[in-house]
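Breakdown of the fold
Chain residues, written in single-letter form:
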Amino acid sequence: MDWGMNNRLARIIPNETGRTVMLAVDHGYFLGPTGGLERPGETVAPLLPHADSLMLTRGVLRQCVDPTSRVPVVLRVSGGTSILSELSNEEITVSMEDAARLNVSAVALSIFVGSENERRTLANLASLVDQGEQYGIPVLAVTAVGKDMARDARYLGLCCRIAAELGARIVKTYYCEGFQDIVESCPVPIVIAGGKKIEERAALELAYNAVSCGAVGVDMGRNIFQSADPVGMIRAVRQVVHENKTADEAFEFLKESGSAVPQMAKRKRQKTGVRVPQKIRERRRRSVSAGRVR
């Protein structure tokens, strides 16, 4: 591994703890203006000092993030679909040259093992790895599973191992029972997705369980920026990931910071974006029930 590749990986996963708290705000590339990201610049600015890296699209990076920021960028480079269509039908949407112009520390794309577009998304990963190796830019693979596969250790282990075999330097996946087996069978670092918004204490427990089982950290989005206290929440997550605090200890910190509340209780964010027709929602559930990892 050359110096550039090592340097970029060390930016994302700091050597001090060997763990990372990634902030995912790339949801708009298929969801549009989802709750909490209506004005991405306003959402990101107060959270950025507490993130080890920021995962987002090039449009939001260029228009909404201070270019003097030293926080490493993990750039979403796959897309071409929306919540109105088949999500797995992705292409690579950003050239490696543009990623290099943006001085990113890694690029990310989704793979859909078991979906009708499995082959395409895995070929996308292989092609992106070839380009990344030329530029010294690591690839992060985001796993999703097809309609006939459950989010369990057997199938998520399959996804993670395939991603690593094709050259991904980091893999992002779900936490599940038997997660340690997934970590042990994957030769590259794993970060876990936060998924849909859940109660703050449960999200901290998710982070604790994941790192206890060998994940190098989390790549959380909605469980941070949709929290009643986003800054307090990301600081609490950092305590779990970097300071080995328990979920209870981190939750006490969050309460003391002033805003830990049950989900949807104290501050209700207005839902925005495209309303998906019922027929399309049903078709999506039948096709790729696993959807996106966030």
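These remarks concern the structure in this document. Just so you know, these numbers come straight off a predicted model, no measurement behind them. Sequence order as written defines residue numbering, which begins from 1 separately in each chain. Given that the model is predicted, a residue must reach a pLDDT of at least 70 before its local features are reported, and side-chain atom pairs must reach 80 or more before they are shown or counted; all residues, however, enter totals for whole chains, interfaces and linings. Heavy atoms from the whole structure form the basis of all side-chain values; hydrogens and water molecules are not counted.

**A closer look at the packing of helix α11 (residues 230-243) against helix α12 (residues 247-257)**
Relative orientation and spacing of two packed helices are given, respectively, by the angle between their axes and the distance between those axes. Structural elements are reduced to axes, namely lines fitted to C-alpha atoms, with helices fitted over the stretch in contact, and the angle between N-to-C directions of any two is expressed from 0 to 180 degrees. A run of H or I in DSSP becomes a helix once it reaches four residues, and a run of E becomes a strand once it reaches two; helices and strands are each numbered from the N terminus. Packing of α11 against α12 leaves a shortest axis separation of 9 Å and a crossing angle of 155 degrees. As the angle between them shows, α11 and α12 are arranged roughly antiparallel. At the point where α11 passes α12, the crossing takes the right-handed sense. Listed contacts from α12 to Gly 232, Met 233, Arg 235, Ala 236, Gln 239 and Val 240 of α11 are Glu 249, Ala 250, Phe 253, Leu 254 and Ser 257. Note on residue categories: nonpolar means Ala, Val, Leu, Ile, Met, Phe, Trp, Tyr, Cys or Pro, charged means Asp, Glu, Lys or Arg, and polar means any other residue, Gly included. In the contact of α11 with α12, the residues fall into 6 nonpolar, 3 polar and 2 charged. Should an angle fall under 35 degrees it is taken as roughly parallel, and over 145 as roughly antiparallel, whereas 65 to 115 is taken as roughly perpendicular and any remaining angle as oblique. The crossing is said to be left-handed when, going from far helix to near helix, the turn is anticlockwise and less than a right angle, and right-handed when the turn is clockwise. The criterion used for residue contact is that any of the two residues' heavy atoms lie within 4.5 Å.

**Digging into the packing of aromatic side chains**
In this analysis, rings of Phe, Tyr and Trp, with Trp reduced to its six-membered ring, are considered paired at centre separations within 6.5 Å, and the interplanar angle assigns stacked below 30 degrees, edge-to-face beyond 60, and tilted for intermediate values. Taken as a whole and judged by the stated rule, the model has 2 aromatic pairs. A ring pair is formed by Tyr 29 and Phe 30, whose centres lie 5.2 Å apart and whose planes are at 70 degrees; its orientation type is edge-to-face. Of the two residues examined, Tyr 29 and Phe 30, each falls in the buried class. Summary of the burial criterion: residues with accessible area below 20% of their type's maximum are buried, those above 50% are exposed, and those between are partly exposed, where the area comes from a 1.4 Å probe applied to protein chains only.

**As for the pattern of salt bridges**
Close approach of charged atoms lets side chains of opposite charge pair. Any Lys or Arg side-chain nitrogen located within 4 Å of an Asp or Glu carboxyl oxygen qualifies as a salt bridge. As enumerated under the stated definition, the model contains 13 salt bridges in all. Here Asp 98 and Arg 62 are joined by a salt bridge, their closest N and O atoms 2.6 Å apart. On the criterion of sequence distance, the pair formed by Asp 98 in helix α5 (residues 96-101) and Arg 62 in helix α4 (residues 58-64) is long-range, its members being 36 residues apart. Of the charged contacts, one joins Lys 172 and Asp 219 as a salt bridge, the two residues approaching to 3.0 Å between their closest N and O atoms. Of this pair, Lys 172 sits in strand β8 (residues 170-173) while Asp 219 sits in strand β10 (residues 217-220), placing them 47 residues apart in sequence. The pair formed by Lys 172 and Asp 219 is uniform in burial state, with each residue classed as buried. Look at the salt bridges and you will find they share partners, linking Arg 58, Arg 62, Asp 98 and Arg 101 into a network.

**Overview of the packing of helix α9 (residues 200-212) against α11**
Axis separation between α9 and α11 bottoms out at 9 Å; the angle between their running directions is 25 degrees. Of the possible angle classes, the one that applies to α9 and α11 is roughly parallel. Relative to α11, the crossing made by α9 is right-handed. Facing Glu 200, Ala 203, Leu 204, Ala 207, Tyr 208 and Val 211 of α9, the residues of α11 in contact are Met 233, Ala 236, Val 237, Val 240 and Val 241. For the contact of α9 with α11, the per-class residue count stands at 10 nonpolar, no polar and 1 charged.

**Regarding the layout of surface pockets**
Cavities and pockets are found on a 1 Å grid laid over the protein atoms alone: a cavity is a set of points where a 1.4 Å probe fits but cannot escape, a pocket is an open set with protein on both sides within 12 Å along at least five of seven lines, and a lining residue has an atom within 4 Å of such a point. Grid points are joined across faces, edges and corners, and a volume is the space filled by probe spheres set on the points. Here the second largest pocket is characterised by a volume of approximately 300 Å³. Taken together, 17 residues form the lining of the second largest pocket, with Pro 67, Ser 69, Val 71, Val 73 and Leu 102 sitting closest to its centre. Along the lines of polarity and charge, the residues of the lining of the second largest pocket split into 10 nonpolar, 3 polar and 4 charged.

**As for the side chain of Arg 8**
Structurally, Arg 8 is set in helix α1 (residues 3-12). Of the buried charged residues, Arg 8 lacks a salt bridge, with Asp 2 as the closest side chain of opposite charge at 6.2 Å. Reaching out from Arg 8, the side chain makes a polar contact with the backbone oxygen of Val 104 at a distance of 3.4 Å. Non-local contacts of Arg 8, meaning those with residues more than four positions away in its chain, are made with Val 104, Ser 105, Tyr 135, Gly 136, Ile 137 and Pro 138. Only four residue types enter the tally: Lys and Arg on the positive side, Asp and Glu on the negative side; His and the chain ends are excluded. Counting of polar contacts relies on pairs of N or O atoms within 3.5 Å, with two restrictions inside protein: one atom must be capable of donating a hydrogen and the other of accepting it, and residues adjacent in sequence are counted only when both atoms are side-chain atoms.

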